[in-house]
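Fold and contact review
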Amino acid sequence: RGVPPVDEALPDPVPRGRVRMTLAAPRSTPSERLERLLRELARHLDLSAVVVGDPNGLPIASISQGERTLAATAMATMILYAAENVASNLGLEGHKDVLIEGKEWKVLVRSLGQGFTFLGVLEGDVNLGLARLEVERLMPEIRALLDLML
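The notes below deal with the structure included here. (Residues numbered from 1 in each chain as written. Predicted model: local features only at pLDDT ≥ 70, side-chain atom pairs only at ≥ 80, totals over all residues. Heavy atoms only, no water.)

Here we look at the nonpolar core
Going by this rule: We call a set of buried Ala, Val, Leu, Ile, Met, Phe, Trp, Tyr and Cys residues a nonpolar core when their side-chain atoms join them within 4.5 Å. Note on exposure labels: buried denotes an accessible area under 20% of the residue type's maximum, exposed denotes more than 50%, and partly exposed covers the range between, all computed with a 1.4 Å probe on protein chains only. Secondary structure elements follow DSSP: runs of H or I of four or more residues count as helices, runs of E of two or more count as strands, with numbering from the N terminus. Residue contacts follow a heavy-atom distance rule, with two residues in contact if any of their heavy atoms lie within 4.5 Å.
One finds Leu-112 and Ile-142 to be the most contacted residues of the largest nonpolar core, which totals 23 residues. At the level of elements, helix H1 (30-45), strand E1 (47-53), strand E4 (105-113), strand E5 (116-123) and helix H3 (128-149) are the ones that each hand at least two residues to this core. Here this core gets seven residues from one element, more than from any other, and that element is H3. Sequence-distant contacts of Ile-142, defined by excluding residues within four places in its chain, comprise Leu-34, Leu-37, Val-52 and Leu-112.

Some thoughts on H3
For the record, the criterion: Helix span, as expected, comes to 1.5 Å for every residue beyond the first. A residue's bend is simply the angle between two axes: one fitted to the seven residues ending at it, one to the seven starting at it.
In a regular helix each residue adds 1.5 Å, so 22 residues correspond to 32 Å; H3 covers 29 Å between its end C-alpha atoms and thus fits that length. In H3, a bend of some 45 degrees at Met-139 exceeds every other bend along the element, and Pro-140, a proline, comes one to four places later. Along H3, the residues that are buried comprise Leu-128, Ala-131, Glu-134, Val-135, Leu-138, Met-139, Ile-142, Arg-143, Leu-145 and Leu-146. As for H3, its buried residues are in contact with H1, E1, strand E2 (59-62), strand E3 (97-101), E4 and E5.

Here's the deal with the sheet that holds E3
Sheets are built from strands paired through backbone hydrogen bonds, the pairs being either parallel or antiparallel. Condition: Strand pairing follows a simple DSSP-based rule, namely that at least 2 bridges must link the two strands. Only the stretch in contact is used when a helix axis is fitted, and all axes are lines through C-alpha atoms; the angle between N-to-C directions ranges over 0 to 180 degrees.
Read from one edge to the other, the open sheet built from five strands follows the order E2-E1-E5-E4-E3, with strand pairing classed as antiparallel. On the outer flanks of this sheet lie E2 and E3, each paired with one strand and no other. On average, each strand axis in the sheet is tilted by 15 degrees relative to the strand beside it, whichever way the strands run. Alignment of E1 against E2, held across three bridges, turns out to be antiparallel. Bridging from a neighbouring strand, Val-52 pairs with Ala-61 of E2. Contacting E1, E2 and E5, H1 crosses the sheet at an angle of about 55 degrees to E2. Sheet strands in contact with helix H2 (residues 67-89) are E1, E2, E3, E4 and E5, and its direction is about 110 degrees off that of E5.

Some details on the pairing of E5
Across the eight residues that make up E5, a large majority, seven, are buried. Where E1 and E5 come together, six bridges link them in antiparallel fashion. Bridge pairing links Val-52 to Phe-118 in E5. In the sheet, E4 pairs with E5 via eight bridges, with the strands oriented antiparallel. In the sheet register, Lys-106 faces E5, and the bridge partner there is Leu-122. Between E4 and E5, which pair antiparallel in sequence order, lie two residues; one of them, Gln-114, sits at a positive phi of approximately 55 degrees.

Some details on the side chain of Asp-54
Applied cut-off: Under this rule, positive means Lys or Arg and negative means Asp or Glu; His and the chain ends count for nothing. Salt bridge, as applied in this entry: a Lys or Arg side-chain nitrogen positioned within 4 Å of an Asp or Glu carboxyl oxygen.
If you trace the backbone, Asp-54 turns up in the loop between E1 and E2. Despite its burial, Asp-54 remains without a salt bridge, the nearest opposite charge being carried by Arg-143 at 11 Å. Dropping the residues within four chain positions of it, Asp-54 is found in contact with Ile-60, Thr-77, Gly-115 and Phe-116.

Topic: the environment of Ala-72
You can see Ala-72 is positioned in helix H2. Owing to a relative accessible area of 30%, Ala-72 belongs among the partly exposed residues under this scheme. For the pair Ala-72 and Pro-59, spaced 13 residues apart in the sequence, the C-alpha separation amounts to 9.2 Å.

Purely spatial values, then, with no claim about function.
The structure is reproduced here in structure tokens:
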């Protein structure tokens with residue numbers, strides 16, 4: 001009645017007492033999602049480097065590695081601090097970012113709040129307005145991922 005007898009000569013594809021299930025790919029971590037987001041942003045805006053730094057100036061996520069990235073992230077933190085002081089001494093509030101311009105490049109540094117920084121290096125003929133808009137649009141997502149990582 002109900003279940004036919006099992007032929008012991010045949011291997012059981014599902015051991016008794018176990019349920020067959022398929023394993024889904026593991027969900028990516030917030031760190032992996034942040035790295036992917038930075039890669040996509042770099043590709044979309046043709047950035048040669050993108051770094052998110054912590055309040056101590058250390059890189060949390062980056063598409064550019066090495067000593068230069070480490071130093072640049074620390075400097076970006078100091079640049080934002082200095083820009084806040086300049087604005088404050090002038091009685092100005094609400095600065096959004098700092099732009100450093102060279103002949104063939106631009107470095108955009110932006111506060112992500114609570115001491116976290118975004119640094120992007122744009123080279124050649126770039127649409128700075130688009131870069132600023134894209135960074136602004138992605139800030140909440142970057143910030144949410146940072147909150148999950150901490």
